[in-house]
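Secondary and tertiary structure notes
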2 protein chains.
Amino acid sequence: MSKLLIVGTVAFDEIETPFGKTDKILGGAGTFIGLSASQFEVSSAIVSVVGEDLPQEYLDLLKSKNIDISGIEIVKGGKTFYWKGKYHNDLNSRDTLVTELNTLADFNPIVPENFKNAEVVMLGNLHPSIQMDVINQMTERPKLIILDTMNFWMDNALDELLAVIKKVDVITINDEEARQLTNEYSLIKAAKAIHKMGPKYVVIKKGEHGALLFNNGNIFFAPALPLEEVFDPTGAGDTFAGGFSGYLAATEDTSFENLKKAVIHGSNLASFCVERFGTERMENLKRDEVSKRLHQFKALTQFDIEIE
Amino acid sequence: MSKLLIVGTVAFDEIETPFGKTDKILGGAGTFIGLSASQFEVSSAIVSVVGEDLPQEYLDLLKSKNIDISGIEIVKGGKTFYWKGKYHNDLNSRDTLVTELNTLADFNPIVPENFKNAEVVMLGNLHPSIQMDVINQMTERPKLIILDTMNFWMDNALDELLAVIKKVDVITINDEEARQLTNEYSLIKAAKAIHKMGPKYVVIKKGEHGALLFNNGNIFFAPALPLEEVFDPTGAGDTFAGGFSGYLAATEDTSFENLKKAVIHGSNLASFCVERFGTERMENLKRDEVSKRLHQFKALTQFDIEIE
C-alpha cells in the first residue's frame, strides 16, 4: 500500500454558524486531511503536535481510521492549538474570535522513520518553515509533494513560503490568495505566474464556486456540488486536500488525467464535510454514500455534444 | 427552418471599463440575443423599438445575419434607448451613469404575422407587461417560451412579473435575483420555489462562476470558460440567452438532455462576447472559432471516473 504523509494541525475548534454553535470539538487541517484520505486504500500518517488536554478519544478516532499517529507529539503539560470562529449569514466569510497557538508555537515536526519514504506528502496549512522541515526529512524524493497554504503566510513569512513553493509539485490555494501571491487578477495569469515559482500543478479553490486545476496550459474545472444546506464550512478545504492527496497516493499516477480525477474526489468529499459541524459527517462516512455522490457529480457536469 | 422570436431592446450603449471606453455603440438585449442565435440554423426575428437616430448600418448588420427586422419599429422623430455605464476594476459590478428610455417608454410590441407561430420565443429583459403582450399575440402555443428578467422588475412590477413567469417554460435569472425572488439563499431551494411559480426549467446564471440548470430535481452545471482577460461583460447574459434559445430553436428538442447542451452552447458563445467592447466580437464570429472553443469546454469539464 502506498504511503501518504500528512503534516497539519490537530486542534480544538469552537464554531458558531447561523445554524448553531459548538463547544470545543476536534478540528485542525491534519485531522480533516487524514479523515478524508482514509476513504482510499492508503497507509497514512499525521505529523502534528498537541497538548495533554486533547481527549484520548480524538486520537483513538484517527487510529480507528488506520492513520498512523506516532508522529503526533503530545507535549507534557502543554495545551492544544485552539481556534474559535463565527461565520456570517452567507457562510462565505467568518470572523476569527480566538486563536491560541499553544504547543503549535514551538512545533518541531518529526517524520516517523517508516514514512520518510512516503510516495505522497501532503503539507497542510502551517508555517512554511515547518513545511520545509518536513520535506528535508524525507530520505527519498516523494513522487508528489502537495502544498496547501494561506494568505497569513504571504503576509508574514513570504520568503520562506516562496522557498517551499519552489520545492513542491502541486499547490492548492484559494482564488483571492492566488491573486495576492501573484498580483494578477485573472486566475489564468495567476496560475501561469505560480507555475513559474515551481509547481507543475496549480489548484485554485473557489469555495462554493468549485476548483480549477492548471497544468501548463491545460485547465480542468470541478464545481462544488450544489447543496440544499451548507451547515458548517470549517474543514472543507482540508477535506478537499485529503481526498485529492489520498486518491493520488492510492493510484500513484501523477498524470494530468489522474489529477483531474483527484480534483473530483476532493470536491466530492468536501461536499460531505460541510453538512455537519466539524468532523461529524466525515467520521462515519460510508463508501456507498461516496459512490452515490460521485454519480451525482457525473450527472451534474457530463454532457454529450457532437462538435463539427 | 424553425422560427425563433426574440423580444428585446436594440439600443445605444456607452461603456467604460478598466481597459478603455466607447462612444455610443450598438447594444441592447435583442441585439445580443439575435447575434448569438444567428450562429444556429434558425429563422429569427427581433421585436423592438428604436428612434430615427439609430444608424441604418446597425439595422443592416442585423439583416446581414438573416434576422428579420420587420418587427423593429422605428419611431419618427424618436430617440433610441440609451444606457451608459462604468464597470469597476473587477468587472463584476458596475454603475449605471445614464438611462434614457426614450422610445422604449411607450413600446407596444408588434409580432410580425409570420412569427406568430414561432416554435421558440425568447423574451429578453423588458417590462413584464411587454413580455406578456408578446405571448398573447402568438396564434399557437410555442414549443418553448424562455424568459429573461432582472431585479429591477421585481422591485417595480412584481405582480406583472409573476404573471408572466407563470406562463413560461424556462426562466433565466442570475443568482442574486433568484434569491431576491424567492427569499431563499440556497440556490437549490430557490430553484424549487421558482418551479412552483411555473417554469419547468430554471437557469440560474452566476456570471464568471457559470450557470446551473434545474429541472424537477435534476441539476446540470456549466462553468464559464476561464479567460485570460475579460474586456467588457456587457451583453454576456443576453449572448448566453441567444445561444441557449438559438440552439433550442434549431433542434426543437425540449428534453433535459438537450437543454444541457443549450446551456453549454450559451456559455460558449458568451465567452466570446466579453472579449471585445459591445457587439464587436459577435459580429464577425466564425463557426470554426465556435467549434474550437466547444472542444475547450469539453476538455475543461469532462472526466472519466469509474465508480464502484
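All values derive from a computational prediction rather than experimental measurement.

Quick look at the overall build of chain A now. Looking only at helices and strands, chain A features eleven helices and 15 strands. Relative to the globule expectation of 19 Å for 308 residues, the C-alpha radius of gyration of chain A, 18 Å, shows essentially globular dimensions. Across the 308 residues that make up chain A, the buried fraction comes to 60%. Put simply, 64% of the contacts in chain A that link residues at least 6 apart link residues at least 24 apart. Computed over 31 positive and 44 negative side-chain charges, the separation of the two mean positions in chain A equals 3 Å.

What follows is about the pairing of strand 8 (residues 82-87) of chain A. Residues and elements named next belong to chain A. Note: strand 2 (residues 11-17) against strand 8, five bridges, orientation parallel. From the neighbouring strand, Glu-14 faces strand 8, where its bridge partner is Lys-84. Bridge count between strand 8 and strand 9 (residues 94-100): six bridges; the pairing is antiparallel. Its bridge partner being in strand 9, Gly-85 is matched across the sheet by Thr-96. Here strand 8 folds back onto strand 9 in antiparallel fashion, the turn holding six residues, of which Leu-91 has a positive phi close to 65°.

All right, on to the packing of helix 1 (residues 29-37) of chain B against helix 8 (residues 236-251) of chain B then. All names here are of chain B. For the pair helix 1 and helix 8, the least separation of the axes is 7 Å and the interaxial angle reads 45°. Judged by the inter-axis angle, helix 1 sits oblique to helix 8. In the packing of helix 1 onto helix 8, the handedness of the crossing is right-handed. Across the interface between the two elements, Ala-29, Phe-32, Ile-33, Ser-36 and Ala-37 from helix 1 touch Asp-238, Thr-239, Ala-241, Gly-242, Gly-243, Ser-245 and Gly-246 from helix 8. Its residues assigned to classes, the contact of helix 1 with helix 8 comprises five nonpolar, six polar and one charged.

Let's shift gears to the nonpolar core. Formed by 219 residues in total, the largest nonpolar core has its most connected members in Leu5(A), Leu123(A), Phe244(A), Leu5(B), Leu123(B) and Phe244(B). Look past the residues within four positions of Leu123(A) in its chain and what remains in contact with it is Val7(A), Gln131(A), Val134(A), Ile135(A), Ile145(A), Ile146(A), Leu147(A), Asp148(A), Val164(A) and Val168(A).

Bringing the relation of the copies chain A and chain B into the picture now. The operation linking the two copies of the chain is a rotation about an axis combined with a translation along the axis. At an RMSD of 0.0 Å, chain A and chain B line up after a rotation of 180° and a shift of 0.0 Å along the axis. Read as a symmetry element, the transformation amounts to a two-fold axis. By residue overlap, the copies meet face to face through one surface: 100% of the interface positions of chain A are interface positions in chain B.

Before going further, it helps to spend a moment on helix 2 (residues 56-64) of chain A. Listed as buried for helix 2 of chain A are Tyr58(A), Leu59(A), Leu61(A) and Leu62(A). The buried side chains of helix 2 of chain A occupy one side of the element, clustering within an arc of 150° when seen end-on.

Take the interface of chain A and chain B next. Contacts between the two partners involve 39 residues from chain A, matched on the other side by 39 residues from chain B. Both faces combined, the contact of chain A with chain B buries some 3,800 Å², and carbon together with sulfur accounts for 57% of it. At the boundary of chain A with chain B, the tally comes to four salt bridges. We note a salt bridge from Glu229(A) to Lys189(B), for which the minimum N-O separation is 2.7 Å. Run the count over chain A and chain B and you get 22 residue pairs in polar contact (both at pLDDT 80 or more). Among the elements of the structure, helix 7 (187-197), strand 15 (218-222), helix 9 (256-273) and helix 11 (287-301) of chain A are those that each provide at least two residues to the side of chain A that touches chain B. Here the side of chain A that touches chain B gets eight residues from one element, more than from any other, and that element is helix 11 of chain A. Taken together, the residues of the side of chain A that touches chain B sort by class into 17 nonpolar, eight polar and 14 charged.

With that settled, the discussion passes to the pairing of strand 15 (residues 218-222) of chain B. Regular strands place their side chains on alternate faces of the sheet. Residue and element names in this part refer to chain B. Bridge analysis of strand 14 (residues 211-215) against strand 15 gives five bridges, and the strand direction is antiparallel. Within strand 15, the position partnered with Ala-211 by the bridge is Ala-222. Counting the residues in the hairpin turn of strand 14 and strand 15 gives two residues, including Asn-216, whose phi is positive at 45°.

Moving on, we come to the packing of helix 8 of chain B against helix 9 (residues 256-273) of chain B. Residues and elements named next belong to chain B. Closest axis-to-axis distance for the helix 8/helix 9 pair is 7 Å, and the angle between their directions is 140°. Overall, the two elements helix 8 and helix 9 adopt an arrangement that is oblique. Relative to helix 9, helix 8 is oriented so that their crossing is right-handed. Here helix 8 contributes Ala-236, Thr-239, Phe-240, Gly-243, Phe-244, Tyr-247, Leu-248 and Thr-251 to the contact with helix 9, which in turn contributes Asn-258, Leu-259, Lys-261, Ala-262, Val-263, His-265, Gly-266, Ser-267, Leu-269, Ala-270 and Cys-273. Its residues assigned to classes, the contact of helix 8 with helix 9 shows eleven nonpolar, seven polar and one charged.

Attention shifts here to the packing of aromatic side chains. Taken as a whole and assessed by the stated rule, the structure comprises 15 aromatic pairs over all chains. Both rings, one in Phe12(A) and one in Tyr58(A), keep their centres 6.4 Å apart while their planes meet at 65°; by these two values the pair is edge-to-face. In this pair, Phe12(A) sits in strand 2 while Tyr58(A) sits in helix 2, placing the two residues 46 residues apart along the sequence. Phe12(A) sits in the buried class, given a relative accessible area of 6%. Take Tyr58(A): its relative accessible area is 15%, and that puts it in the buried class. Judged by centre distance (5.9 Å) and plane angle (70°), the rings of Phe40(B) and Tyr247(B) are edge-to-face.

Averaged over every residue, the pLDDT of chain A is 96; residues scoring 70 or more account for 100%. Predicted complex metrics record ipTM = 0.91 and pTM = 0.94.

Here the focus is the environment of Asp106(A). All names here are of chain A. If you trace the backbone, Asp-106 turns up in the loop between strand 9 and strand 10 (120-123). For Asp-106, a relative accessible area of 65% puts it in the exposed group. Residues Asp-106 and Ala-191, 85 residues apart in the sequence, show an inter-C-alpha distance of 33 Å.

With that settled, the discussion passes to the pattern of salt bridges. Applying the stated criterion to the full structure yields 30 salt bridges over all chains. In this structure, Asp169(B) and Arg141(B) form a salt bridge, with 2.8 Å as the shortest nitrogen-oxygen distance. In this pair, Asp169(B) is assigned in the loop between helix 5 (158-165) and strand 12 (170-174) and Arg141(B) in the loop between helix 3 (128-137) and strand 11 (144-148), connecting sequence segments 28 residues apart. Classification of Asp169(B) by relative accessible area gives buried; the value is 17%. For Glu176(B), the salt bridge identified is with Arg179(B), shortest N-O distance 3.0 Å. You can see Glu176(B) and its partner Arg179(B) sitting in helix 6 (residues 175-182), three residues apart, about one turn around the helix. Since its relative accessible area comes to 48%, Glu176(B) is described here as partly exposed. Relative accessible area serves as the criterion here: at 11%, Arg179(B) is assigned to the buried category. A cluster of three or more residues bridged by salt bridges with shared partners is formed by Glu275(A), Arg281(A), Glu289(A) and Arg293(A).

About the criteria used
- Residues numbered from 1 in each chain as written.
- Chains lettered and ligands numbered in written order.
- Predicted model: local features only at pLDDT ≥ 70, side-chain atom pairs only at ≥ 80, totals over all residues.
- Heavy atoms only, no water.
- Helix = DSSP H or I, 4+ residues; strand = E, 2+ residues; numbered from the N terminus.
- Rg over C-alpha atoms; globule rule 2.2 N^0.38 Å.
- Buried < 20%, exposed > 50% of the residue type's maximum accessible area, 1.4 Å probe, protein only.
- Contact = heavy atoms within 4.5 Å.
- Lys, Arg positive; Asp, Glu negative; His and termini not counted.
- Charge placed at Lys NZ, Arg CZ, Asp CG, Glu CD.
- Pairing = 2+ DSSP bridges.
- Axes fitted to C-alpha atoms, helices over the stretch in contact; angles between N-to-C directions.
- Parallel < 35°, antiparallel > 145°, perpendicular 65-115°, else oblique.
- Left-handed = near helix turned anticlockwise from the far one by under 90°.
- Nonpolar A, V, L, I, M, F, W, Y, C, P; charged D, E, K, R; others polar.
- Core = buried A, V, L, I, M, F, W, Y, C linked by side-chain atoms within 4.5 Å.
- Least-squares fit on C-alpha atoms with pLDDT ≥ 70 in both.
- Arc of directions from axis to C-beta.
- Buried area = accessible area lost by both parts, 1.4 Å probe.
- Salt bridge = Lys/Arg side-chain N within 4 Å of Asp/Glu carboxyl O.
- Polar contact = N/O pair within 3.5 Å; in protein donor to acceptor, adjacent residues only side chain to side chain.
- Phe/Tyr/Trp six-rings, centres within 6.5 Å; stacked < 30°, edge-to-face > 60°.
- pLDDT = per-residue confidence, 0-100.

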